[in-house]
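# Report on the structure
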Amino acid sequence: MPQGRTLAYSLSHDVDVWRWCVYDENGETVADGAHDTQDAAQAAVDMTLRRAGGDWRLTA
């Protein structure tokens, strides 16, 4: 992956689930999902960011 690129994420509650999405600096979705709990959704975001590797900067 290119160095110095930025990832951002969103986490929101929607009716019965917590939705999350990880975006690149162009606003393109890198990954997304929905989970029953906020902790599970945050864990999915964290795992996605770890998989992206150390060359990415994070904004939340």
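Read on for a plain summary of the structure. Note that the structure is predicted; figures quoted are calculated from it, not measured.

### Regarding the nonpolar core
Nonpolar side chains in soluble globular proteins tend to be buried together. Of all hydrophobic cores here, the largest spans 10 residues; its members are Leu7, Trp18, Trp20, Val22, Ala31, Ala41, Ala44, Val45, Leu49 and Ala52. The set of elements that each furnish at least two residues to this core consists of strand S2 (17-24) and helix H1 (38-52). No other element matches the five residues that H1 contributes to this core. Among residues more than four places away in sequence, those in contact with Trp20 are Ser10, Leu11, Ala31, Asp32, Gly33, Ala34, His35, Ala41, Ala44, Val45 and Thr48.

### Brief notes about the environment of Ala8
You can see Ala8 is positioned in strand S1 (residues 5-14). The sequence separation of Ala8 and Leu49 amounts to 41 residues, and the corresponding C-alpha distance is 9.3 Å.

Definitions and limits used
Residues numbered from 1 in each chain as written. Predicted model: local features only at pLDDT ≥ 70, side-chain atom pairs only at ≥ 80, totals over all residues. Heavy atoms only, no water. Core = buried A, V, L, I, M, F, W, Y, C linked by side-chain atoms within 4.5 Å. Buried < 20%, exposed > 50% of the residue type's maximum accessible area, 1.4 Å probe, protein only. Helix = DSSP H or I, 4+ residues; strand = E, 2+ residues; numbered from the N terminus. Contact = heavy atoms within 4.5 Å.

Treat this as a map of the structure, not an account of what it does.
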